[in-house]
Each structure stands twice: as C-alpha cells, then as structure tokens.
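Secondary and tertiary structure notes
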Amino acid sequence: MNTDEKIIIANGVVIHPDDIEESFIRSSGPGGQNVNKVATAVQLRFDAANAPGLPERVRERTIKLAGQKATKDGVIVIEAGRYRTQEQNRADARARLTTLVAKAAEPPPPPRKKTKHSKGAIERRLKTKAGRSTVKKLRGRVDSD
C-alpha cells in the first residue's frame, strides 16, 4: 500500500493521505535488543472529525465505532506494533483504519417489520388458559350438598 495514494473505502468515502499523520515510536513487542534501539511501532492519527472525504453519517459512525481510540476532538489514534519492521506495522495500522471506516460506511440495516400473532395461535392460547382454569377450580373444596 503506497503512502501517497488515496484510500477508497466505498462509493463517496475516501481517506486522503493528508488526513493521516504517522509517527514512529518504540515498540514493546518482539525484536530482542533491537526493541530498545529502533522505533518500529507506528502511531497513526486520523482526524475523522475534519476529514473532507467522509460524509457526515460515516464520520459520526467512525468516531462512535472507534470508542477509546478516538479523542474528544474526533482524532482516531491507532497504534500498531505487532511486527518487527516499520513497513509491516504501517501497513497493519492503515489496514485497521480502513476496516474501521469500511464498517462505519456500511448502510444501516433495514427496519424490523412488526408481526402479529395469528388468530389460531391466540385461540389456542385462550383455550389452554381456560382448561387450566377449570382444572384449578376443580381442586377446590367439595361442597357436601
């Protein structure tokens, strides 16, 4: 994935390279003594609140889905340090951002259709209720007439 290319998520949803800011930090993951010397982990910052390539609905859902990864200002911070190289971690961070925005860009599910009980089901329920009622009435005291 080239760093200077636009990331096209869906129809009308685009992440511009200017909206992404990457900085490299020291990783706590694998790497042996190399971990203490080289900054291989990536901290990717994406300003979702001011991104021109996101429609308003997608922008709000992206920030909501990001949860604790989003700041109060609407900046999404993704840290990737799984791999031993900067390039792999950079690709991982961008893939995670792309997945998050793609999930936010999905159309909302269709509304639920309300259903009713069938007349037969209602009649059967009332009939069993009446049957239980008579059984319980018969359990009462017997009059000695």
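Our structure's up above, just so we're on the same page.
Basis of the calculations
- Residues numbered from 1 in each chain as written.
- Predicted model: local features only at pLDDT ≥ 70, side-chain atom pairs only at ≥ 80, totals over all residues.
- Heavy atoms only, no water.
- Helix = DSSP H or I, 4+ residues; strand = E, 2+ residues; numbered from the N terminus.
- Polar contact = N/O pair within 3.5 Å; in protein donor to acceptor, adjacent residues only side chain to side chain.
- Pairing = 2+ DSSP bridges.
- Axes fitted to C-alpha atoms, helices over the stretch in contact; angles between N-to-C directions.
- Contact = heavy atoms within 4.5 Å.
- Parallel < 35°, antiparallel > 145°, perpendicular 65-115°, else oblique.
- Left-handed = near helix turned anticlockwise from the far one by under 90°.
- Nonpolar A, V, L, I, M, F, W, Y, C, P; charged D, E, K, R; others polar.
- Buried < 20%, exposed > 50% of the residue type's maximum accessible area, 1.4 Å probe, protein only.
- Salt bridge = Lys/Arg side-chain N within 4 Å of Asp/Glu carboxyl O.
- Core = buried A, V, L, I, M, F, W, Y, C linked by side-chain atoms within 4.5 Å.

So, about the side chain of Arg94. Mapped onto the fold, Arg94 is located in helix H2 (residues 86-105). Among the polar contacts made by the side chain of Arg94, one reaches the side chain of Glu22 at a distance of 3.0 Å.

Below, the discussion takes up the sheet that holds strand E3 (residues 20-25). Sheet strands pair via backbone hydrogen bonds, and the direction of the pair is either parallel or antiparallel. Spatial ordering of the open sheet is given by E3-E4-E5, a layout of three strands whose pairing is antiparallel. Edge positions in the open sheet fall to E3 and strand E5 (75-80), since each of these has one partner strand only. Each neighbouring strand pair of the sheet contributes to a mean axis angle of 20°, computed without reference to strand direction. Sheet topology places strand E4 (residues 41-47) next to E5; six bridges connect them, and they run antiparallel. Within E5, the position partnered with Gln43 by the bridge is Glu79. Contacts from H2 reach E3, E4 and E5, with the element oriented near 30° to E4.

Glancing now at the packing of helix H1 (residues 56-66) against H2. Close contact between H1 and H2 brings their axes to 8 Å; oriented N to C, the two are set at 125°. Classified by the angle their axes make, H1 and H2 are oblique. The handedness of the crossing between H1 and H2 is right-handed. From H1, Arg57, Val58, Arg61, Thr62, Leu65 and Ala66 reach across to H2, where they touch Leu100, Val101, Lys103, Ala104 and Ala105. Residue composition of the contact of H1 with H2, grouped by class: seven nonpolar, one polar and three charged.

Here we come to the environment of Ala10. Turning to its location among the elements, Ala10 is positioned in strand E1 (residues 7-10). When its relative accessible area of 34% is taken as the criterion, Ala10 is described as partly exposed. Between the C-alpha atom of Ala10 and that of Val101, which follows or precedes it by 91 residues, the distance is 9.3 Å.

Taken as a whole and judged by the stated rule, the model has six salt bridges. Glu22 is the salt-bridge partner of Arg94, the closest N and O atoms lying 3.0 Å from each other. Linking Arg94 in helix H2 with Glu22 in strand E3, this pair joins segments that are 72 residues apart in sequence.

This part takes up the nonpolar core. Ile15, Phe46, Ile76, Leu97 and Val101 are the most contacted members of the largest nonpolar core, which totals 23 residues. Secondary-structure elements contributing two or more residues to this core are E1, strand E2 (13-15), E4, H1, E5 and H2. If you tally residues by element for this core, the top one is H2, at six residues. Non-local contacts of Val101, meaning those with residues more than four positions away in its chain, are made with Ile9, Val13, Ile15, Phe46, Leu54, Val58 and Thr62.

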